Structure formats: C-alpha cells, structure tokens
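# Survey of secondary and tertiary structure
One letter stands for each residue in the lines below.
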Amino acid sequence: MDLPRPDPDALLNRLQQEETRARKGRLKIFFGANAGVGKTYAMLSAAQAACQQGTPVVIGVVETHGRSDTEAMVRDLPRLALRQVAYRERVLPEFDLDAALAFGAAQPDALVLLDELAHSNVAGSRHPKRWQDAEELLDAGIDVWSTMNVQHLESLNDIVSGITGIRVWETVPDRVFDQADEVVVVDIPPDELLARLRTGKVYLPHQAERAAAHFFRKGNLLALRELALRRTADRVDDQMRAYRRASDVQPVWANREALLACVGLGEQGEKVVRACARMAAQMGVSWHAVHVETPATLKQSREHDQALRVLRMAQSLGATTATLSAPDAAHALVRYAREHNLVRMVIGRREGRRWPWHHPLSDRLAQHANDLDVLQVALPALRGLSQRTAPPDAQGTADGTQAAHPWRGYLAAVATCIAVAVLATPLVGVLELSNIVMLFLLAVVGVGLQFGRGPAVLAAFLGVGLFDFFFVPPRFSFAVSDVQYLLTFAVMLMVALVVGQLTAGLKVQAEAATQREHRVRSLYDMSRDLSAALLAEQVAEIGARFLQSEFHARSTLLLADERDHLLALPGGTATVDPGVAQWAFDRVEPAGPGTDTLPSSSCLVLPLKAPMRVRGVLALDLPDPRQLGPEQRRLLDTCASLLAISLERIHYIDVARTSTVQIESERLRNSLLSAISHDLRTPLASLVGLSDTLVRGDAPLTEVQREVAQAIQTSALRMSALVNNLLDMARLQSGAVQLNRAWQPLEDVVGSALGSCIPVLSGRDIQVRLPSDLPLLHLDAVLIERVLVNLLENAAKYTPPGSPVTVGAEARSSDVVLTVDDQGPGLPEGGEERLFEKFERGGQRESATPGVGLGLAICRAIVQAHGGRISGYNRHADGRIVGARFEVLLPRGTPPEDDGSGQGVPDNG
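Residues numbered from 1 in each chain as written. Predicted model: local features only at pLDDT ≥ 70, side-chain atom pairs only at ≥ 80, totals over all residues. Heavy atoms only, no water.

## Quick look at the overall build of the chain
- Across its full length, the chain carries 26 helices and 23 strands.
- Considering only residue pairs separated by 6 or more positions, the chain has 71% of its internal contacts joining residues 24 or more positions apart. (Helix = DSSP H or I, 4+ residues; strand = E, 2+ residues; numbered from the N terminus. Contact = heavy atoms within 4.5 Å.)

Below, the structure written as structure tokens:
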C-alpha cells in the first residue's frame, strides 16, 4: 500500500498549534441541554477531586440558585471575592478578573471556575461577556472550567428560540465551544429533570411552576437534548478527523456512516449520484461526490463537461463535491475517502465486453484498500458499435481519446520518430546503439509531454520498430542477428511505455497545480486590493478586473439602498434583468444560467452575502456558464464573498465616520445649550419675579400697562420653561439624572399628572380608562409624571379646543402600556418617528404653535432610562385619520415579594 508523504504545511501548522496550546490555559466546558441537568454540580465535584490531587483551584463565580447541595459543594472550595460594580442606582456583584489573574500568576497550574459562560457582564466591566474574561485567563496560561447550555450556542440560538418560543439573548460564539480542550456532556432524561423541577431541586417553588408552564415542557426538553447530543457528536467527529490527519492514520474507522459517490464520465454518472443520494437520505447520513480528472479524461471534453454537470446536480442534492487531479482514479478516491473517513464508496458497474488489460474500478479499489465497502450500481450497457469497441470509461478510467482532432498527436508521434531515425542514421558509426536508443526514448518523452498518453504509446512501438529496421544488424530489415537484441527491444519498449505514461501524467498534474496556484495568487491579489478600497466603485472595479482575468466575463455590481432596492454601480459592463437581480437579492439565492432558477436568463446573478446582511448582487455575463465546474463555481462564490465583505467594511467605515461626526456635534450642541441655559436662568428668574410683582402688586396700572405686564409674565414663564427643558435634556443625555425608583401604582402617577395639567386642559372632556388590576411599576414617579404632562400638553396644543383626551392603560405579560389619545389632525404621515428628535416640530402645521420641539425628546429620554419604549401613530376610522395616539411601554419587573423567574429561564447548573 502506498503511503502518502506527510504535508509539510500541515506539519508546520500542527507544531504551531502545539506551541500555542502549550502557552495557553486549557478550557473545559460542562455542557448540557438545559438548566437543571447538574452542570454546576458536576463541575464542582470534578473541582473537588482536582483540589484533592493538589491542583490550586479557586471559584471565580458560581451561581447556586439557592440549592442546598450545590451550596455545600461551594463551601469546600476557596473562593474569590466578587467585585462590586455601580450600575445606575444599584451596586451589582461581578467576577473579579484582576483577582483571578493575580491568583494565576501566584499559583502555577491554577484552575479558575467560571459558571455560566454566556453571562453578560455589567456595563463598565472590562469585557462585555464572561467568555471574553475566560479567554483572557486562558491567554495568561490559567486553566478555566465553565458551564453552558445548548441554547447559548450562537449558531443554534434561533433554532432553540423556534422550539421553545423564548429568545435567549446571552450567547457564546461557536468557535469558543469548538476550541475548548474538553467538553463534558451532563445529561439526564427529561422525565427525571421534570421530577427534579417539581420537587424544587431546579428552581424555588414559585419559579418552578412558571418555568414548567413555559420552558420546561417535555417536548422542549427532548428537542434540546437531541440538539446538545448532536452538537457534541459533531465536535467529537471533527476532533477524530483532526487526530487522523495529525497521526497519519490510513485505515478508515467505521464510527460514523458516510457515503462517497464516484462520478465518472458521461451521463451514466447521474445514476450513481441519484442512487447515492437516495441511500444517504434513507440512512440519514452525509455524503460526498467526487470526480477524478486523469490525463485521459481531460481530453474527452464532452464527457468531462457532463461529469461536471453531474457534480453540480450532486451539490444541489446536498452532497459535498470535489474534483481531484491524479494519474490513477482508484488511488485518488481511496486517499479522499481516508482523509474524510468515508466508510462506503458507491460506483457504477457496467456489464459488457472487457478488454484483457482493463481492470474494473472495483478491483483496483479493493487492491488499494480492503477496509472500504464498495457498493456497485448497475449501469445500462453502452450503445453503439463505436462505444463497444472502446475500453470501459466508467469512473474516469478510459484510455482512449476523443479530442476534437486526435489524429494530430498520432501524426506528430510518427513524424517525430521518423525524424529521429533520419537524424541518427548518419551517426551510426559515431554513436553506440545504446545512445541511439536514448534518442528514441527522448522522442517518446517529448511526444508524451506535448500530446499525451496515446501518441506516446504509438511513439514507443514505432521507435522500437525503426530502431530495429535502421540500426540493428542486419540493417534495413526486421531480422535480428543476435538474440540479445530481442531483450533490448523488450526493455526499450517497456521503458518507453513507462516513460510516456509518467510524462503524460506529470503533465496533467503540473497543469492542474499551475491552475490552482494561479487561482490562489489571483484571489490573494484581489483580497489585497480590496483591503485598501475605500469606495464601493473601487470594489466594483477590482471585482470586474478579477472576473475578466479569470473567467473572461463582463460584470456589474448592484448595491441595495435603504429600502432594499438595487442600484447598479457605474462602470458595469454586463446587462442584467432587474427582476432577476431583485429575486436573487430577496431570496439570497443565485439565479440565471447554470442554476435551478431562471436558467434562461442571460446573466448569472450571485447574492453578495456579508456577515451582517446581503449587500447586493453580482451580475456576470459568462461566455458559457454551463461549463463552470465545481472548482470554478467555488472560485466565483469566494469572489462574491470577498466583494460582500469589502462592501460591508466600507459601509461600517461610513457609519463610524458619520456617527463620530454626529456624536461630536451633539456634544458641542449640548455643551452650548447647557452653558446658555445656565446663563439665562438667573435673569429669567428676575424677569419672572418682576413681572409677577407688576401683575399682582398694589401699584395702580392702567389697562394697557396691565396687559403689557401680563404679556411680559407669560413670555417670561414660557422662556423659563424652555430653559428648564434644555437643561433637563442635557442632563438626561449626559446620564447625570439619577432615577429615584420605587414601586408605585400607575393610578397615582396619572392622577398627579392630570392635576398638574388642569389649566391647559380646562374645557375638555378628560376620559381616564385604567383597569383595576394594574400591577405596581418600578419607576421614578416624578419623571414619569413629566412624560404624561408633556403628552397631555401636546394634546391640548395641537387639537381643537374642547376636543376630548383619553388616558388609558393595559397590562401585558412583560410590560404595561400607557396610552394618550386625542381627536386632532393626527401626526405627519411618515414622520412619526422623527417627532421624537430634538427640536423637531413636525412640519408647517405645527410651526404656529408655541414651542421648540423638546417635549417628546425629553419623554423618550425618560422612558428609555426606565428601560421602556415610546411611540406615536395615527388612529384611523372609515379610512380617515381621527386623531393621534402615543404609547408608553414600561417594563413590569418583579416586586420584591415575588422574585419570580419570569418567562425566561436563567442559566444554571
């Protein structure tokens, strides 16, 4: 059995990984399907065992959730003091990363326990996520043990939320899980977990009842358990393949079913692929489809193109496809199967006439590897006399050639051999016959290098014949005077055949390696140019240059605007149907020739999918899209991905630049407004006091003087309110306002606000609709009253006099909605959100009403400080606007006497 030479790059990479691993700490994750399976308990048990063996163990943070058995385990281990972090008006305990680093520096082989790897740290911590704290400890050479659930894996987060109906916002990147040195699965059956939940071993009783009704349903637990076990099995499978590569393991290990479809030339490969796809679906396993390019198959252009189309079909059926270049198809297939640990190979079997020297692919596979299962699919017999007279070519093993002009190579072989004979004839007396043999061998090498295997074989036979006729005594006859020359002829023929075969094979491999090297170099040059691009037009130009060089294709780049409409960048040379481009963008699927969607379109359209979103599409006008093989298609996909990433990078550069300018402008404006407001406050207070003295004083005033004094007082009060609004806005945005929260009934806040607005609401019908079962809210009553006062004053300002105003509320599962309805002209269509910006007054209709547009901005700042939302929209009836509604959503929270777990389920062991 031929053993492949180890890859130097792979060995170097392995040494670098081992060196990095030696410098870093080791991460061990206790992984479970959901809360309550015992992850934290298992971690603490293992930590106690490690501590007894002399390992310096310290608890960085562990959440016991009030469980007595877990708390007993914690008492036996040393523990770091938690760091107290001020957050708004509260002080919260957090993991002390610096103390853990100091412990690791003082204790060699230190081990730190970090429960709940997906935990989000309090704002102001060094890292936003606990897994980032763990990475810093690992980089410092400190071992870390942690716990996490399957719903915290980033790639599975949406799947879990679809199963349970609950979105988990705390996630861990998959790379952290995959790069962990050890993963321990902590698992118990769902029925046992539900029993633990009912007996209070998972949550406190009032929490357990709510959790059992939402997250801990048996169907959810079964699905999450399967996800956790499958994800762990995938990780173990990756580790097993990495070990096989690192240890150069040759035999295939049948630990996991997988199929390999061997795609040969012609249309018969479709049956092999379809049969393999059916078997993979029935067995529920993954499968690969591979085509091997040999020197003979590359010359059969029509059959080779059919094989590439079959590979594309296999890819659409869910296979992992690959195209290999090798002189021997059987050897390449066995090597691929061993590299990917594929247990079964599916090949075609054709009944019919066999050439004596032809060995079926199944026999050659058995010769190279008897540890693989070979499944043969019956293929129909070849039709036509010309096909029956050629050696079978299934799986890329044909030796015949069907090039467009195959006779040219054979004529060249004949001409070359005759030329060598003619040139060597005058040298008969100068050169030994052995040297003349070398000239004929050199001719065979040249023919094989230039024209391939078939002409090289002809040159070998013809060279032996010419050598015998012109140079072996007696000359100019095929008679042989010495029997030893027969051995010379045999050796010469054998050497010529072997040299011709090797030369043709090496030529094919060299050409394939040159093409791959050229593609890699082109991609490198393209990525280097894209990294320096700062405009979308530059990205389009770089992409067009690459596509023209590699595929001789014209291209057009179309980018999506804010409304997801595609706009073509200038300089594009491909003509694209806008409907096809929009379809490919909306569905994030390729369209056009060579695909299953709109194949009659003139352009191939590829979506530009970046990590955050789809940035646009790439339209290509290829000379012949149907001839794209899997490698060329992967090259196109890689090009599209690089373009998408570059466009997203440019987009976020623009966003960062714009945000920086806006932040700086906002800071300067707030500083200016704050300074001006403070300077105006003192003279305004004097002006208000003097005008009030004039209006209410005993000094006799004429009627005209009294009206002037009242106008001064009104204007001064309005200016004072404006200055107070400016100061409040500046304090809210700077975070200087501290919320004085308390559990308050919403009815008291609404009543106080209505009492403050009696002067502006006089003459109106005020309707209050508050249900009797509203919960207590954790809020700052003064600030929420300010929100209601602003909304009621707006309703009085912008609605007809005497029109009614309605204040209502509704309790929902996670929040309370407070509404203020009026019966005025409504809000500007399309500008509802803009009204909450500072100094925004909503258009010309509101310009005649006093004010500067700060009331709603202050409302939003106050509501957001409470963790809520505020919005406004128009109410309609009979197709017309009947007034505006403002909604304030405030989170319900949990009162101190009912510290429940809510709809979500906290992570715990």
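## Points about a nonpolar patch on the surface
- Together, Val414, Ile418, Val422 and Leu458 give the surface a local cluster of nonpolar side chains, amounting to about 290 Å² of exposed area.
- When residues in the nonpolar patch are grouped by element, the largest group, three residues, is from helix α16 (residues 407-424).
- Classification of Val414 by relative accessible area gives partly exposed; the value is 30%. (Patch = residues over 30% accessible without salt bridge, like charges linked within 9 Å, V, L, I, M, F, W, Y side chains within 5 Å. Areas by Shrake-Rupley, 256 points an atom, 1.4 Å probe, with all protein chains shown as cover. Salt bridge = Lys/Arg side-chain N within 4 Å of Asp/Glu carboxyl O. Buried < 20%, exposed > 50% of the residue type's maximum accessible area, 1.4 Å probe, protein only.)

## So, the sheet that holds strand β18 (residues 766-769)
- Spatially, five strands are ordered β18-β20-β21-β23-β22 in an open sheet, and the strand pairing comes out mixed. Each edge of the sheet is formed by a strand with only one pairing partner; in this case those strands are β18 and β22 (869-877). Across the sheet, the axes of successive neighbouring strands diverge by a mean angle of 20 degrees, strand direction being ignored.
- Where strand β20 (residues 805-811) meets strand β21 (residues 815-822), seven bridges bridge the pair, whose relative direction is antiparallel. Directly across from Glu810, in β21, lies its bridge partner Val817.
- On top of the sheet, helix α25 (residues 781-797) reaches β20, β21, β22 and β23 (880-891); it is set at about 25 degrees to β21, its chief contact. (Pairing = 2+ DSSP bridges. Axes fitted to C-alpha atoms, helices over the stretch in contact; angles between N-to-C directions.)

## Thoughts on the nonpolar core
- Among the nonpolar cores identified, the biggest contains 40 residues, and Leu746, Leu791, Leu792, Leu818 and Val888 are the most heavily contacted of them.
- The set of elements that each furnish at least two residues to this core consists of α24 (746-756), β19 (777-779), α25, β20, β21, α26 (855-865) and β23.
- Considering every element that reaches this core, the biggest residue donor is α25, with nine residues.
- Leave out the neighbours within four places in its chain, and Leu791 touches Val820, Leu856, Cys859, Ile870, Phe886 and Val888.
- Among the nonpolar cores identified, the runner-up in size contains 35 residues, and Ala33, Ala110, Leu117 and Ala228 belong to it. (Core = buried A, V, L, I, M, F, W, Y, C linked by side-chain atoms within 4.5 Å.)

## Observations concerning the sheet that holds strand β16 (residues 614-621)
- Within the open sheet, the four strands sit side by side as β14-β13-β16-β15. Their pairing is antiparallel. Among the strands making up the open sheet, the edge pair consists of β14 (566-568) and β15 (604-609). Across the sheet, the axes of successive neighbouring strands diverge by a mean angle of 30 degrees, strand direction being ignored.
- For strand β13 (residues 554-560) and β16, the ladder comprises six bridges, and the chain directions are antiparallel. When the bridges of β16 are listed, Leu558 appears paired with Val617.
- Running at roughly 150 degrees to β13, helix α20 (residues 536-551) makes contact with β13 and β16 of the sheet.

## Notes on the packing of helix α13 (residues 329-339) against helix α14 (residues 361-368)
- The N-to-C vectors of α13 and α14 enclose an angle of 55 degrees; their axes lie 9 Å apart at closest approach. When the axis of α13 is compared with that of α14, the two are oblique. Viewed along their axes, α13 and α14 form a crossing whose handedness is right-handed. On α14, the residues that touch Ala330, His331, Leu333, Val334 and Arg338 of α13 are Leu361, Arg364, Leu365 and His368.
- When the residues that make up the contact of α13 with α14 are grouped by side-chain class, the tally is five nonpolar, two polar and two charged. (Parallel < 35°, antiparallel > 145°, perpendicular 65-115°, else oblique. Left-handed = near helix turned anticlockwise from the far one by under 90°. Nonpolar A, V, L, I, M, F, W, Y, C, P; charged D, E, K, R; others polar.)

## Things to note about helix α4 (residues 97-106)
- Residues Leu97, Ala100, Phe103 and Gly104 constitute the buried set of α4. Down the axis of α4, the buried side of the element spans an arc of 120 degrees, and every buried residue falls inside it. For α4, exposure combined with an orientation more than 90 degrees from the buried face picks out Ala105 and Ala106.
- Capping the start of α4, Asp96 holds a side-chain oxygen 3.4 Å from the backbone nitrogen of Asp98, two or three residues further along. (Arc of directions from axis to C-beta. Polar contact = N/O pair within 3.5 Å; in protein donor to acceptor, adjacent residues only side chain to side chain.)

## Topic: α13
- Most of α13 is tucked away, with eight of its eleven residues classed as buried.
- Along α13, the positions that sit buried rather than exposed are Ala329, Ala330, Ala332, Leu333, Val334, Tyr336, Ala337 and Arg338.
- One or two positions beyond α13, positive phi appears at Asn341, with a value near 55 degrees.

## Comments concerning the packing of aromatic side chains
- Counted under the stated rule, the structure contains five aromatic pairs.
- A ring pair is formed by Phe30 and Trp145, whose centres lie 6.0 Å apart and whose planes are at 65 degrees; its orientation type is edge-to-face. Taken together, the residues span a long stretch of sequence, with Phe30 in strand β1 (residues 27-32) and Trp145 in strand β6 (residues 143-149) at a distance of 115 residues. By the burial criterion, Phe30 is buried, and Trp145 matches it.
- Ring geometry for Phe440 against Phe471: centres 6.1 Å apart, planes inclined by 70 degrees, an arrangement best described as edge-to-face. Residue Phe440 is located in helix α17 (residues 433-451), and its partner Phe471 is located in helix α18 (residues 453-471); the two are separated by 31 residues in the primary sequence.
- Relative accessible area serves as the criterion here: at 2%, Phe440 is assigned to the buried category.
- The ring of Trp145 has Lys28 lying over it, and the distance from NZ or CZ to the ring centre is 4.5 Å.
- One Lys or Arg, Arg860, reaches over the ring of Phe836 and ends 4.4 Å from the middle of that ring. (Phe/Tyr/Trp six-rings, centres within 6.5 Å; stacked < 30°, edge-to-face > 60°. Lys NZ or Arg CZ within 6 Å of the ring centre and 35° of its normal.)

Take it as geometry only, folks, not as evidence of what the structure does.
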